[in-house]
Amino acid sequence: YSWQWEYGDGQSDTTSSSAPYTGATVADTYLVQHEESTQHTFADPGTYTVDLLVYNDYGENSTQHTIEIRPKLTGVSVTAEPSAVELGERVTLTATPQGATEHVTYEWNYDNSLAEEGSSNVSVHNYTAAATYNVTVTADNGVSTAVGFVLVKVQVKVTGLELSTDSPTEMNEVTTVTAAVLTGTDLLYSSDMGDGTTLYDQTSPFTYTYTYPGNYTANVTAFNDISSEWETVVVIIISSFTIDNVTTGSCTELGKTTTFEAAITTDNLDILQFTWNFGDGNTIEVLGSPNTTHRYATADNFTVTLKVENTQKVLWKTTYACVHEGISGATVTNDGPTALGQETTITITLATGSHYMYAVDFGDGGPLETFDGDTDVTHVYVSAGSYDANVTVYNEVTTASLTTTVMVEEEIVGVSITHNGTNQDFVRSQSVYTYQADVEEGTEVVYSWDFGYGEGIGTGSLQAYQYDAAGIYIVTVNASNDVSTSTNSKIITVQDIVQGLQLSSNATAEILVGSYINFDATITSGTDPQYTWMQCSTCTPYLDSQTITEPFGTVGTFEVSVTVANEVSSEEVSATIVVIHAVKGAQIYGDLEAGSLHAAGQVYKFSANVTEGNVDDYQWEVSKYGSTVETYTGAEVQVTFQDAGHYVVSVVVSNSVSDTEDSVTVDVIELVTDVTVSASKTVANNEENVTFTLDSSGTNLTYVWNMGDGSTDLKTAEPEVQHQYALAGTYLVTVNVSNHLSALQSSPLDVEILERISGLDMETTTTDTNYYAGQDEFTNFVATLDSGTSVTYSWRFTDGGRESNFNGLDLDEAKMVYTNLGSQTAYLAADNAVSHQNITRTIVVQKRPSISYVLPNASYVETLETVSITHQVEGSDLEYELDFGDGQSVSGDTLASPLFHSWAKTGTYAVSLMVENEVGREEHVIYITVLQRIEGLAINTNCIMPYCTNGFLSLGEELEYAAKWEEGNNMTFLWLIVQADGSTVTSEDETLKFAPAQLGSLSVTLTAQNWLNSATVVETFTVQEEIHSAELITSNIQNLYENATVAFHMDVRSGSDVFFEWNFRDGYPVFETSVSHQNRTFPTAGDYLVRVKALNNISEVVKEVAITIRELMCKEPVVERVGLSSKEVLRSSVVYLEVGVDTFGCTKYTVVHQWTVYQGSQCGINNITLPSSVDTKSTRLVLPKRTLDYDLYCVEYQIVYQDTPVVSTVRTTLRVKASPLMVIITGGTERTQSSAEKLSLNGTSSFDPDTGDNAGMTFEWNCAAYRTQDGQVDTTACAVADWSTLQYKSSLVFPVDTQNMAADTTFVFNLTVGKQDRVPQTTQQTVVVSV
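Residues numbered from 1 in each chain as written. Predicted model: local features only at pLDDT ≥ 70, side-chain atom pairs only at ≥ 80, totals over all residues. Heavy atoms only, no water.

> Tell me about the overall build of the protein, and name the residues and values.
Within the protein, the regular secondary structure consists of one helix and 115 strands. Relative to the globule expectation of 34 Å for 1331 residues, the C-alpha radius of gyration of the protein, 66 Å, shows a markedly less compact shape. When the backbone C-alpha atoms are referred to their principal axes, the protein occupies close to 160 × 140 × 125 Å. Pairs at least 24 apart in sequence give 59% of the contacts found in the protein among residues at least 6 apart. Of the accessible surface of the protein, which amounts to about 71100 Å², a share of 46% is contributed by carbon and sulfur atoms. The averaged location of the 169 negative side-chain charges in the protein is 12 Å from the averaged location of its 54 positive side-chain charges. (Helix = DSSP H or I, 4+ residues; strand = E, 2+ residues; numbered from the N terminus. Rg over C-alpha atoms; globule rule 2.2 N^0.38 Å. Contact = heavy atoms within 4.5 Å. Areas by Shrake-Rupley, 256 points an atom, 1.4 Å probe, with all protein chains shown as cover. Lys, Arg positive; Asp, Glu negative; His and termini not counted. Charge placed at Lys NZ, Arg CZ, Asp CG, Glu CD.)

> Quick rundown of the sheet that holds strand β18 (residues 206-209)? Include the residues and the values.
Taken together, three strands build an open sheet; the order of strands is β13-β15-β18 and the sheet is antiparallel. Each edge of the sheet is formed by a strand with only one pairing partner; in this case those strands are β13 (162-165) and β18. The sheet shows a mean angle of 25° between the axes of neighbouring strands, taken without regard to direction. (Pairing = 2+ DSSP bridges. Axes fitted to C-alpha atoms, helices over the stretch in contact; angles between N-to-C directions.)

> Got a sec to walk through the layout of surface pockets? Specific residues and values, please.
One water molecule sets the probe size; rolling that probe over the atoms shows where empty space is left. Of the pockets and cavities examined, the largest pocket occupies roughly 610 Å³. Forming the boundary of the largest pocket are 23 residues, of which T176, P205, T207, Q1078 and R1080 lie nearest the centre. Listed by contribution, the elements that provide at least two residues to the lining of the largest pocket are β15 (174-180), β17 (198-202), β18, β99 (1071-1073) and β100 (1077-1082). Residue composition of the lining of the largest pocket, by class: nine nonpolar, eleven polar and three charged. Around the second largest pocket, the lining comprises 18 residues; the ones closest to its centre are T247, E261, E1111, M1113 and Y1149. Elements that contribute at least two residues to the lining of the second largest pocket include exactly β21 (242-247) and β23 (257-265). (1 Å grid on protein atoms, 1.4 Å probe; cavity = no way out; pocket = protein on both sides within 12 Å on 5 of 7 lines; lining within 4 Å. Points joined across faces, edges and corners; volume = space filled by probe spheres on them. Nonpolar A, V, L, I, M, F, W, Y, C, P; charged D, E, K, R; others polar.)

> Requested: an account of the environment of G590, with residues and values cited.
Considering the arrangement of structural elements, one finds G590 in strand β53 (residues 587-590). Separated by 625 residues in sequence, G590 and R1215 place their C-alpha atoms 117 Å apart.

> I'd like a rundown of the pattern of salt bridges, residues and numbers included.
By the definition in use, this model includes 26 salt bridges. Between R921 and E916 there is a salt bridge whose closest N-O contact spans 2.9 Å. The exposure class assigned to R921 is exposed, which follows from its relative accessible area of 53%. For E916, a relative accessible area of 30% puts it in the partly exposed group. Within the structure, one salt-bridge network assembled from shared partners comprises E1061, R1065, R1091 and E1104. (Salt bridge = Lys/Arg side-chain N within 4 Å of Asp/Glu carboxyl O. Buried < 20%, exposed > 50% of the residue type's maximum accessible area, 1.4 Å probe, protein only.)

> Which residues make up the packing of aromatic side chains, and what values go with them?
If you walk through the whole model with that rule in mind, you get 35 aromatic pairs. Measuring from centroid to centroid gives 6.4 Å for Y961 and F1021, while their planes differ by 70°, and the two rings are edge-to-face. With Y961 in strand β89 (residues 959-964) and F1021 in strand β94 (residues 1014-1024), the pair connects residues that are 60 residues apart, well separated along the chain. Side by side, Y961 and F1021 carry an identical accessibility label, which is buried. Joined through ring pairs, the aromatic side chains of Y435, W449, F451, Y465, Y467 and Y473 make up one cluster. Over the ring of Y827 we find R796; its NZ or CZ atom is 4.1 Å from the centre of that ring. In this structure, K1115 packs its charged tip against the face of F1144, placed 4.3 Å from the ring centre. (Phe/Tyr/Trp six-rings, centres within 6.5 Å; stacked < 30°, edge-to-face > 60°. Lys NZ or Arg CZ within 6 Å of the ring centre and 35° of its normal.)

> Tell me about unusual backbone geometry, residues and numbers included.
Following S204, the chain continues into P205 via a peptide bond in cis, with omega recorded as -5°. Geometrically, the link from G336 to P337 is a cis peptide bond, its omega value of -5° lying close to zero. Relative to the assigned elements, P337 resides in the loop between β29 (331-334) and β30 (338-339). Phi at Y625 is positive, roughly 55°, even though this residue is not glycine. By secondary structure assignment, the location of Y625 is in the loop between β56 (617-624) and β57 (627-633).

> Residues and numbers for the sheet that holds strand β55 (residues 603-609), please.
Spatially, β53-β55-β58 is the arrangement adopted by the three strands of the open sheet, whose pairing is antiparallel. In this open sheet, the two edge strands, each paired with only one partner strand, are β53 and β58 (636-640). With strand direction ignored, the average angle separating the axes of adjacent strands in the sheet is 30°.

> Break down the side chain of S227 for me, with residues and values.
Among the structural elements, S227 can be located in the loop between β19 (214-223) and β20 (228-238). Side-chain polar atoms of S227 contact the backbone nitrogen of V158, separated by 2.9 Å. If near-sequence neighbours (up to four positions away) are discounted, S227 is found in contact with K157, V158 and A222. (Polar contact = N/O pair within 3.5 Å; in protein donor to acceptor, adjacent residues only side chain to side chain.)

> Residue-level account of empty space enclosed by the protein, with values.
Taken as a whole and judged by the stated rule, the model has one cavity of 30 Å³ or more. Approximately 50 Å³ is the volume found for the largest cavity. V1129, L1130, R1131, S1133, V1135, L1183, P1184, K1185, R1186, T1187, L1188 and V1216 are the residues that line the largest cavity. Broken down by class, the residue content of the lining of the largest cavity amounts to seven nonpolar, two polar and three charged.

> Hey, could you go over a nonpolar patch on the surface for me, with residue numbers and the actual values?
On the surface, a cluster of nonpolar side chains totalling about 300 Å² of accessible area is made up of L512, V513, V555 and I580. With respect to the helices, strands and loops of the structure, I580 is situated in strand β52 (residues 570-580). Exposure remark for I580: the relative accessible area of 33% places this residue in the partly exposed category. (Patch = residues over 30% accessible without salt bridge, like charges linked within 9 Å, V, L, I, M, F, W, Y side chains within 5 Å.)

> Describe the environment of L878, listing the residues and the values that go with them.
Mapped onto the elements, L878 comes out in the loop between β80 (867-874) and β81 (879-883). Judged by its relative accessible area of 10%, L878 falls in the buried class. Sequence separation between L878 and D893 is 15 residues, and the spatial gap between their C-alpha atoms is 6.0 Å.

> An account of the state of the cysteines is needed here, citing residue identities and associated values.
Counted under the stated rule, the structure contains four disulfides. Shown here is the disulfide that connects C1163 with C1194, its sulfur atoms set 1.7 Å apart. Taking the torsion about the sulfur-sulfur bond, which here is approximately -90°, the covalent link between C1163 and C1194 counts as left-handed. Pair noted here: C1163 is in the loop between β106 (1151-1159) and β107 (1180-1183) and C1194 is in strand β108 (residues 1191-1201), with a separation of 31 residues, a long-range link. (Disulfide = S-S within 2.5 Å.)

> A description of the environment of V475 should follow, citing residues and the corresponding values.
Topologically, V475 is positioned in strand β43 (residues 471-480). Remark: the alpha-carbon pair of V475 and T676, spanning 201 residues in sequence, is separated by 107 Å. Contacts of V475, omitting those with residues within four sequence positions, involve I417, W449, D450, F451, Y467, N488, S489, K490 and I492.

> Let's hear about the side chain of D1274: which residues, and what values?
Mapped onto the elements, D1274 comes out in the loop between β112 (1258-1267) and α1 (1283-1286). No salt bridge forms around the buried D1274; measuring N to O, its nearest opposite-charge neighbour R1267 is 5.6 Å away. Setting aside residues up to four positions removed in sequence, D1274 forms contacts with A1265, Y1266 and T1305.

> Any chance you could break down the pairing of strand β102 (residues 1100-1110) for me, citing the residues and the numbers?
Where strand β96 (residues 1040-1041) lies against β102, two bridges are found, and the strand directions are parallel. Paired with Y1041 across the strands is R1110, a residue of β102. Here ten bridges tie strand β101 (residues 1086-1095) to β102, and the two strands are oriented antiparallel to one another. Bridge pairing in β102 places L1095 opposite E1100. Remark: four residues form the turn of the hairpin made by β101 and β102, two consecutive strands paired antiparallel.

Given below as structure tokens:
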């Protein structure tokens, strides 16, 4: 396919693509979709019609599409008119888009939760609260967006300005001016202080320091962007002086003058009188001068006191002066060599010196230690060696350094002797052994040996030695060093080795058990041989002589071995002995019980064994009454006895040399089967006998009878018995039939035994009295007997003229409902198979008592208040009893209603009404509560400091709140605690334990009530968090000088409603504020103990810090930059920066130079780490090439007076640029060569000066040629090469066609090198080729 695009702007493109299918895959496809895309950039906005024509060899198709091109928004600016407005006034906001002006919509965000959207670039808005708002507008033209911002200040006009100051204040001290307004927001203050100084853009309160006394009128203006107001205030400044500091410098050497200098703050030094007391009995008075000198006669530390006074004021200041004698003639020695673990003493001696100390580095890696002078220095080294101990003797005026070498050796302990043999007490003769001496402890050890052979051997921890003859020798070694010596000896036995061992005996191949065998062992050589014999029947070796005799009392195969050994060698040999015996003691074993009978038809196992001998054959025979029944072979057989009788089982056991036999007898019987029991009768009374008979089969039978009545089982040899039962009941009779081998039990037989009836009577169980019944309710009748079983009962009841009947077996209970009051008749008859009995009883019917209600006119009353009680009761023949619960009651057969009663004491009384007759009783109880009214309700707490005080509570601290009252009882309580966030806690207990969980206001409400009245009390608290700890944090307070400002921050770790009390002890009043931080400037030298208290109503924490302000002794240095403030350099160049410094001859402080390089245009951030070789501590900075990458840098130089706040700074802007790429063609810019040579072009020496290599560089060659003689262009000379393959190589070989080339052809080759983000560079080489 070909795709022809016409974009409507005069531009077009043609692209091609292949079909997304083949002929085979499209055979059954009717529609195939093929897509193609392109990209085009329109240069100008507008509406364009894009035409597309698609064609191939078989046809074409075309389409059109309209596109609108809009310009891109490049930004939007916003203005506010006015930019600051009074609250309530409108502000007009205007947005101006850049890059596009049509089809633009605007979305406004007013920074107050309101927004507006539309096509207008102007918006008018009215703010309802004073603040500074960041208004945002987003412009959108459908293809791009831009965002703009503008700040709008909404303010309230300033009115009601009032001023106050803390004057009168002293000159050179801070005076505070406080401004307050009635209305106004975003306020700043400017003030003409009345002494020619104007302060700008201050916030209230602000401070100022007057340098002269007088009365000054300060004119203060309060202003914001829309208004201003001014007012004046009079400031009174009075004159004073202070002693800021008294210094003496460092210690003075004895014989030299000590200088004293006092730093005084005053406006009139001439009138001050200075009195110095030098502490050595000398004083001096000086007028108008704060400095003096003094020469001390002795070395010591002196307390110096200065008194400064004028006619109005006296101040005192104390300082200290030290005078030391100089050190001379110092020497150092030690008492080594020293044994390890012992003290080494180092002795220092001096010719002169006072107040000196020693600083000793003992040379063993430990810390530097200091010691008072005039003492010997001792040290214990933890390891042996040689150490250089460096000693510095010093005082405040002189120093001397000395060195002494200490030798420490470990004492020798535990000398031992070993050799490389296996047994340390024995060695072989004619063999060389290496002997080694070792010590457990000890260093620098020297050894000497004596092997006991009459000759001495030299030193060394290792010695090789050979003994030529057997014997006993003593080896001795002596170990020694500078601090100890030790000797040890060892006895060595020298032996010849064992050789040529043989074992012989008088044994044959097999022997009879009980035989004795002689064994003999022989060797050809060996010193002190020992013979160790062992039989594997016991496997226990034993020592014996060369010849032994051994008995063999058991059968088996035995290995007899002998080992011949001494301490340096051994040999072993063995022999095998086989022992056998005859067969004896045949015995039969089987699963038979001795003397027992055995069952016919069962299988029994028999086995045979012997007491001695190995068995070869077993022959079995089974006989009955002397006749053989069965025969068997084998060690184990199975035998079945078919019927009862007397049997004999025998066996013959044999081997090749002997035999033995055994037999057993077996009696066989039949098992029990088919057991059935029967009785002469199955129903009888307890006064007659019953006969039982059993039928069964089997031999040798025994019968055991169980009659089922708990009587003892009866054992008989006959199958029939008789039995009489004592008690009525149904019994299960069983019989167990057994012989010696089996047993079988009969199935149970049921036998029923009856009892005659006697003692018939009846009871009523539903009433309290027998023979009484309740009207219209069920009366339960129960029959009773003295004796009788399986009884049938018949009941008959009369109720007026009505009769009711009930009967049935075991029906010993009946129920009857009587409807008529009075006497009625009840009849009962009892029958069983052997007896009969009947009775008649009179029943009295009454109506059961019932209490409908007992009602008081009030359930809660005060004491002595009369209560009316009414009641309603039903029933016949009733008795009444009413108990009032206070010890009083009424009773009788009648009871009035209502009744009246009162109670004299508080409490809850149970009032009980009891009514009863013969068929029942009923009780009804009501409760009367007698109360007091609630009076004097209050809340009581266990408040203990510091957890609560004066209405303030501690957060998280639990208190117990208790209800307290003067009068009242039977009360219920409701507590309601409401915390600051609205959360509540409730309780209904008399007391409540609660720990506040929210800071702020907390109310506790207690309501108490009973049935007479209620009372409520409310207490309000403020919950604060206790201040547990705080830390007073300061900025750097080391080496502070005059006018130094220190930042203080009281970091409170916990606490709420915290205020801070600041006391700087600098003459200004103590003040309290809620701000936890303060900046304080100390204009004069001196010592200040700053005290800060963090406090709230329940706790406080106090912290202090000492501040020392010193006087600056030098003029600040002046620094000038050498060269321009902005500089550009190549990355491949060395960077040189330099400054000129004037310190005005200051020698009081160490001068520190520091260069720092920051990446970016701003110094102070993105610090660059420079190579360690770069010197940053001088007035000149040299950066080697390639130190910095391409970028803009801020280079900062600072000169600092060490340990002072003095610092002077200059900065230089440095831009590092890329260097030009270096293009180099080997051979230079022009060369000549013969056409017979290969024309090589090599640009690999080209490089990037900023990296030093050609990594990432690209190469491009171009060729031109002309005839050398006439300069005519030769278009064919360069065409001999395929430039598509050669053009972009860093080096190449150019083919020269000598046949077609004109004589003396000149080539001009251009090489262009490039690199990403770098400017390409080109060089040229001319090559003259002669044919």
